Structure formats: C-alpha cells, structure tokens
Amino acid sequence: MKAPRPSATDIRLGWFSIPDRPDVYRDAPLRVQSVIMDGLVVGRDAECAALGHLLAVSPAGPVPVVLVSGEAGAGKTTLVEHVLATLDTPVLRGRAVAWACPAYEVVASALRPAVRDTSRPLPAVLAQIMPELGARPPEPSPAALAAAVCSVLAAAAGDHALTLFLDDLQWADEASLDFLAALADAARGLPVVLVGCYRSDELPRGHRLRAVRALLRRNNRLTEITLGPLGDDDVTHMLTGLWGVAPQPALAAVVASRADGLPFAVEELALALRDDGRLDYRDGAVALAGAGAAPVPEGIREAVLLRASRLTAGERALLETAAVAGIEFDVDIVLAAGDAAAWPDGFTASGLLTEARDGRAAFRHPLTQEAAYADIPWSRRRGLHRALASTLAGHEAAPALIAVHLLAARDFGPARRPLLAAADEHFAVHAYRDAARALRTALEHWPAGERDDSRLAVIDRLARCAEMCSEYADAVTLLRELADGHERRGDDLALAGSCRRLALAHELRGQWESALTAREAAAVAFSAAGIPAEAAIDRLAMAAHLRAAASFSAALTTLDAASADARACGRTDLRLRIEGLRGNVLARQGQHRDGIAAVRAALDQALAESLPDAAAELQQRLADSLEHSGDYQAATAAYAAAYQYCDAHGADAIGQLCRACASFVLFARGEWDRTASVCEDVLASAAAPHARAAGDGLLGLVHAMRGAARLGRPHLLEANLTATRIELTAMELLSSWGLCVLDDAAGAATDAADRARQILARLARTQERHYSVPILQWTATFFSEQGLTAGTSACAAALMQIAEATAQPEAIAALAHARGETLLADRPEAAAHELSSAAEMFSRLDLPLQTAQAQRRAAAATIRLGEGARARELLHAAHVTADQLGARHLRDSCTTALRQLGDTPRRRVSARRVTAGLTSRELDVMELVSQGNTSRQAGHTLFISPRTVEMHVNSSMQKLQCRTRAEAVRRLTELGALPGPDMAGKELG
C-alpha cells in the first residue's frame, strides 16, 4: 500500500527555503541514496545511460532541457546525482520547496554559489531573482533576465560543460517555471544543460509545469526520461544490497508487493525490518524472524511509524512539530514552536531525520515527512500550525510561510495580512502568477460584506496580475466585478478606469462588440467624473476601430460624440485627430474631395501648432485618404512623407503602419519586389498587430500571385488570423483572396469557390469600398471560368454599389470587367467591349495586374468572335505584364491560350542588368547610396528601415570585397552595375 496522500490543504504546506545557504543542499544532500550496485542505480541502467549520453554530448545541440519524472520515491534525484558524479562536470544545484518560497528561488539558489565566486560585474537585471544584488528592475524582461543568467552560467562553466540541476519542480513557484522556457532559448549554443526533476503524480491538470513542458516540446528544446516502477527482480537485487545477503523469495515478494516498485519504499521497508529486529539471517539468506510471524509493514507510513515508535514521548512530540514545519526546517523554530528546551542528542539515530547542521535539519525524504505528518491528529496538527505561525512571525519570517501555517490552522482572518504581503513581494519581482495565487487565496476566505473597499483593491491587484500574464478571460471576469463594485460605490473615476481596462481585455480576446460597449461605458464615466478629455480618447479609439472594421456610419456617429468631448476639454490635439479621422472616414466612404480637404486642414493646423503626435497620425490619415481616392502615385509620396515625419519625431508605431499600408499601394502599382521587401522589413521590426497583419497579408499575396504556395500560405493564414481577431477588414479580405488564389492554382476549384463565397458574404457585412475592388475583379473571372454565374453576378452587383457610392475610376473599371464576365457566355461582342474598356481604364490608372487580367479575358471574348489576331495581341500584352510581375499562374494561362491559337509568347527583350553578384534589393540600395543618400534617406525612399539599409550595404561591401561605401560604389560603377559619374574618392554618408 502506498503512503497516504495529504489533503489539498496539506499539499499547500510551505517548506522552509534556504535562500542564503544553497551549499547545504549542494554539499550534503538531505536524502539517503538508493542502493548503487555494479556502478549503476538498481534497475535504472537504461535511464542512467540515456541521461549520461545527454549530458556528455555537446550542449550546443537543439535540446538544452532534460526533465526526469516519476512518482514520489522513484529515485529521480538519486539517478541524476549518480550520473552527474560519474561525469565529474561542474554542477549548480537548486531545489524547489512547496508554496512558500520566494519567487525564482529554485533558480536563485542554484546561481548564488556562482555569483559569490565571480569577480566580474553582474547584470543589474539579476536583482529580479536575487534581491540582495540591489534594486529590482522596474519592468519585466524575461529575455534580458535569461541572458543575464546565461552569462553567469557560461562564466561558471569555463572550458567545461555545466549542468544546472533543478530538483522538485512540482513545487516550484510559477515564475521559475515560466522562466525555464526563456532560459532554454537563451542557453542554446552555450555549454549548459538544464536538468529538472519532478513528481509525475503531483502534476494536476492546470499545473504550470504542464504548459511549460508543452512549450519546450513544441520548440524542440526538451528530452524526457520517465522512471517507472521497479520489477520484482530489481527489488530482490536491491534488498540484497541493503541486507548484505539475498532474501528468501517469499520475503522479497512480500516487500515488492508492499513497495509498489518504488525504490524508496523498498529501502524504507528493508531498513525498518532490519532495525526492528524482524529479520533472521541463516543459511546464506534472510527471512522474517519467527518463521514469518513478524509482519512486514504495509507501506512507507507503517515503516515510518515503526521507526518512530522507538522514540521517547518528547522526541515523538518534537518529530510531529518538525513534520508540520516541513521537509527542511530551522531547529530553533521547531524547538520554540514545540516548547522543547533542546535538540535531543541522537534524535536522528532513528533514520527519520538528518543530523542538525548550522541550525537546520531535514527529513530523510519528503515521503518520510508526509508519513509523519499524516499520523498527527487533526486537532493537534492545527495547534502546531498555529504555534509555528506565531513563532515565525516573531522571527520576521517570509509572509508566505506564515500565511501557509495560518491557513492550515484554519485561521483565515489572521492569514489575510501575510497573504497580501506575500502577493506584494511577488508582484515587486514581476512574479504575477504567484502573486495571483496569494490574492485568490485571500479572496476565497474573505468574509461577505466586510470592508468592500479593501476587497475591491485586492480584486484590482488580481486583475492586474491576470493582465500581466495575458490571461484575459480571467481579467474580464475580475474587471467586470471591479466595475460593478465601483458603480455601487458611485466612484465614476474608478469605474471609468476599470471599464477602459475591461475594453482592452475584450479587445485582446477579439470580443469587439463587448469591447466597444466597455469603451463607451468608460467614456460616459469619464464625462460624469468631469474629465471629458479621457472620454474623447476612448471614443476616438472606438471610431478608429470602427473605421478599420469598415463600419463607417457608426464611426462617424462616434466621432460626433468625441468631438463634443474634445470641445468641452479644449484639447486642440484631440479635436484635430478627430477631424482628421472624420475626413479619412469620409474618403473611405467615397467622399474623396471633402475627406481629403478635411484631413489636410487638420494636418496643416497640427503642423502650425507644433503638435507632432497628432501630425504623425494625420500624415498617415492623409496618405490613406489619397489611396482610397485611387491616386496611388500621390498616396505613395504621402506615405513616404508620413514615414519620414514619423521617423524624425519618434512616432515608430505610426511609421510602421505607414510602411505596412504603403505595401498595398506598391502591390497595386506592380512593384512586387519592393512590396515584399517592405513587408519583410515590417515583420522583422516586431510591429504592432495592424502593421504585422498587413505585412503578412501583402507578402503572402505576392507569393500567392507568383505561385509560391509554400512561402505564401503561412503568411496568409497568419494575416487572416490576426486580421479576424482585431477586425481589420481590409486584411481579412486580402488574405482570404490570396488563399483563394492558391486554391485555384492548385486545382482545388471547390475550395476556392467556397472561399470566394465567404469573401462576398464578409464584404456584404461591411462598408468596405476600396480593397475589395481588385478582389471582386479577380473573383468575377474565377466564378465565370468555373461556370458559376450566380457568383459572377454577385461580384458585379457588389462592384455596382461601390462604383455608385465612390465614383472611383478603379471601381468603375472593375465593374466593366465584371459586366463583361456576366456577358461572356451569351453576348461575347458586348463582353469584349466591356472587358477591353476595362483593360484600357486599368492601363490609364497604371494598375498592371488588373490590366493584364482584363486583357486576358478580353482575348477570351474576342476568340469567341473569331478575332484571332486581336486576341493574340491582347494575350501577348497580358503575358508581358505577367512575366514582368512574376505572376506565374496568370502568365501560364496566357501561354496556354496563345498556344491554342497556334502562337507562342514573345520573348521579352530587355537590357540585362549587370548585378556584380548583388541582389536586386542590394543594387537598389547601392544606387541610392551612390547618389549621396544616407541610410535614413535611402530607407525613406525604399520604405525600409535604416538598419535594413545598413544590412544591404554591408552585404554588398562584403560581396565586392570593399572596405568603404565609396569603394563599393566605385567598383559597381566600373562594372557597369550602377549608372552615373565615377564616385571615386568621395566619402558617402
């Protein structure tokens, strides 16, 4: 029978940590080693070999974390320590203790020896896990902390491979467990291997180690070794080593059945039988004394009680106090709580406890402590917890440890203060999950109706923990309760703040209807509190989202309310931002002239009054408005100016958005290489979700049009997922289009048709009138070629609505194209006229992809009319454009049609550019450099960051084997790769 498991309350008991004495564990392990025979831990040959191989190979490989798991008593620690001893490599050890340890203590206790031994300056961020090093960092940075820890580990490793061994991870604080994933990433390539042990039977659903373990697996950072129960032969082998002679088969079988294959249970039973004189040695074997009359203990608990029975009454009482104190304990604390005068001489002779050392002692094994604890009567157990809490408070122990004992004593009221103090300590080092656990415990035991203000403060702090851990479902629940509490109290300002936080939590979960409701509630509360500026900010945020979601009418209504708030507070910057957004919405609705004029007026005033933040936003609004008017050339220049302004005034987020938005204009104008470069640079810059969605979507669309499904699909799926979550309608539609193009190219016509219908359905739920135009043109052709006339008609109807509302030339051309598709089957002459007109209009608008698509379909109509020469002319023109763009599927369709007409595509004659081994993008950059542009100026022209420009310049210099920019430009000019005068001797910026 296994040792009884403690209750849920018992499992939360806190064990003393040794923050200042990690060497206690390092130099004198507190557990008796299981029997080692023939150089291996009994029954663990394969596991020892596997762990030894992992620790002996180069740690620069892809798996820097090894987790060893098994039931309590399976011998995990013994196995790891044995393998480490055979390797004779540097080891840093840390061991977790249950519930009441300081945050990050398992890692900090392992690092302290290395920190003490180093003379090098230590990164300041290490104070987050070791407060003795100085002031804690004000903001959390897991990556910076992991890098700092790795610098200590690398220094400690020196010329050897180092093992960081973290034991008992089932008890580790959640901050330490979360940190393991960041540490594994940072340690890759270093001579460091992380080894952890945990009890598999103490990992309930929801335990943080489960999530961390899954993350390590996904990132290919984890190897797992599981220790199962020993077989009967292994038990016999182990008993032989413990007793010196082989047991009789019957005795071995009884012990094996009692021990359930756990090495520690075998050891405990064997020693209990030996020490109690229940063994009979004769004839080279061992049996139970008295012909088997002496019973074998039922399990670990009975074996522990058998040993304890030899103690005096005073020693047993002290043993109970120690069991309540935890696995490890301070001797003076236990003596004081147990009202004992001195630590008895020879108290540890029973084998239950280790010898006291430096004022500390411990149980021989956690299972020993659990067995001793389980045998304490419930009422006495509560009294001992209460006594320990009082003693610890007198010694100014950690609040968490005091709280644990008060909770176990069921003194819930007194436990509140240390629980909240423990939460504050965890919060201070950004251990938000651990702080949340303490706060939840305090709330669980909060008396109904008692001090509602204080309770709301705890809920507020708990909600903040959930927000910091990105647990937004919990945050929503808590913030709703917090808002209700503030509303009951009539505190408008506090209500406004909680509603704003609630809105953000809903937004991050993609719950936009609830988010907008919460934003409006925040605005109302801010107005009631007499702070109209904050109300305007919330309503402006609402309107901006409604604009992105293509709900233009709702956006204008919201802006009316925001405008009143801005006037009430006299904030010019807010008023101008509102007017600029109003103008942008009007432009998106099709009122281009009025909308652009409104944005320009707001921008001019912001610049005149030196309001850089507002001006940066308005620059982007102007470019977007020009884009929606169909003036792509002006929009390109406006986006470049906006990006340059943002870069000069530190408005990085808006600058990234400008570049991302410009990528669609570049795509429409046929500058696909430039589009891809801009998108890649945006994605490399860790931009905000809107910019990232645009970067992924347009990059994926370029790849899709070029037939690169493997490259394009991941970007399109990511863009679609992000855009759907944040309700960025434009990218929802564009990414869906790209996926539809890929399905069509792969011959999956049914999937493509389903996706095209979904696009039409999504479009019908919005007021989007710009990005949908090229999509509807392409989709009309797709439906027509598949014989799905209803779909073609639906595209034409949608384009009719857009053209009537906006009078935008691109929409009118697309409508002509869609009309041609609807006429193609029955009236080819009318279809040819409409499609040819569409091609001419698209050509005048300088939209090459749409021009080529219309030309190809106009050719299909003229073929039906028997006008082969005209069809060939149109197909050749479309083929040239498709070839220039790299639009493979379109180009192949033109090729097929030409061959059916007995013709072949004409070879495109173009001057071959001398590359000198450089990429097209590198040549573009070097050409701008040759004209005297700085990296910043070149970046503005190409819509890439100065850092990316520098990367291309350095790559070019390396390929050309030149040491300076001037030398590289001179070399490229000599080779004919760059035009212009010789730049020799001129140092370039």
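Conventions we followed
- Residues numbered from 1 in each chain as written.
- Predicted model: local features only at pLDDT ≥ 70, side-chain atom pairs only at ≥ 80, totals over all residues.
- Heavy atoms only, no water.
- Helix = DSSP H or I, 4+ residues; strand = E, 2+ residues; numbered from the N terminus.
- Buried < 20%, exposed > 50% of the residue type's maximum accessible area, 1.4 Å probe, protein only.
- Contact = heavy atoms within 4.5 Å.
- Areas by Shrake-Rupley, 256 points an atom, 1.4 Å probe, with all protein chains shown as cover.
- Lys, Arg positive; Asp, Glu negative; His and termini not counted.
- Charge placed at Lys NZ, Arg CZ, Asp CG, Glu CD.
- Polar contact = N/O pair within 3.5 Å; in protein donor to acceptor, adjacent residues only side chain to side chain.
- pLDDT = per-residue confidence, 0-100.
- Pairing = 2+ DSSP bridges.
- Axes fitted to C-alpha atoms, helices over the stretch in contact; angles between N-to-C directions.

Asker: Sorry if this is basic, but what is going on with the overall build of the chain here?
Answerer: Of regular secondary structure, the chain possesses 47 helices and twelve strands. In terms of overall dimensions, the chain has a C-alpha envelope of 115 × 70 × 65 Å along the principal axes. By residue count, 55% of the 989 residues in the chain fall in the buried class. Sequence-distant contacts, at least 24 apart, represent 67% of the contacts inside the chain between residues at least 6 apart. Total accessible area computed for the chain in this model is approximately 40,000 Å², and 51% of it derives from carbon and sulfur atoms. Taken together, the 104 basic and 119 acidic charged side chains of the chain have centroids lying 4 Å from each other.

Asker: Just to check I follow, could you spell out the side chain of D538 for this structure?
Answerer: Position of D538 relative to the elements: it lies in helix α25 (residues 532-548). Looking at D538, its side chain comes within polar contact range of the side chain of R500, at 3.0 Å. Engagement of the side chain of D538 in a polar contact is seen with the side chain of R519, the distance being 2.7 Å. Filtering out sequence-adjacent residues up to four positions away, D538 remains in contact with R500, R519, A522, A523 and F526.

Asker: Honestly, the confidence of the model for the chain in this entry has me stumped. Any pointers?
Answerer: Parts of the model with low pLDDT should not have their predicted coordinates read in detail. Mean pLDDT over the chain stands at 88; residues scoring 70 or higher make up 93%. Highest mean pLDDT in the chain belongs to helix α37 (residues 772-785) (97); lowest belongs to helix α1 (residues 8-11) (28). Taken together, the stretch residues 1-33 has pLDDT below 50 and engages in 100 contacts with residues farther than four places along the chain or on a different chain. Low confidence marks residues 982-989, where pLDDT is under 50. Its contacts with residues over four positions away, or in another chain, come to 19 contacts.

Asker: I keep staring at the sheet that holds strand β4 (residues 91-95) and nothing clicks. Help me out?
Answerer: In any sheet, the strands associate via hydrogen bonds between backbone groups, in a parallel or an antiparallel arrangement. Taking strand neighbours across the sheet as the criterion, the five strands line up as β4-β5-β6-β3-β7 in an open arrangement whose pairing is parallel. Of all strands in the sheet, those with a lone pairing partner are β4 and β7 (222-227), marking the two edges. Strand-to-strand twist across the sheet, computed as the mean angle between neighbouring axes with direction ignored, equals 15°. When strand β5 (residues 162-167) meets strand β6 (residues 192-199), the two strands line up parallel, connected through five bridges. By the bridge assignment, L164 is partnered in β6 with L194. Sheet strands in contact with helix α6 (residues 142-157) are β4, β5 and β6, and its direction is about 125° off that of β5.

Asker: Help me out: how do you make sense of the sheet that holds strand β9 (residues 279-282) in this one?
Answerer: On the basis of which strands lie adjacent, the open sheet formed by three strands has the order β8-β10-β9 and mixed pairing. The open sheet has two edge strands, β8 (246-247) and β9, and neither has a second partner. For β8 and strand β10 (residues 285-288), the ladder comprises two bridges, and the chain directions are parallel. Bridge assignment links A246 to a residue of β10, and that residue is A285.

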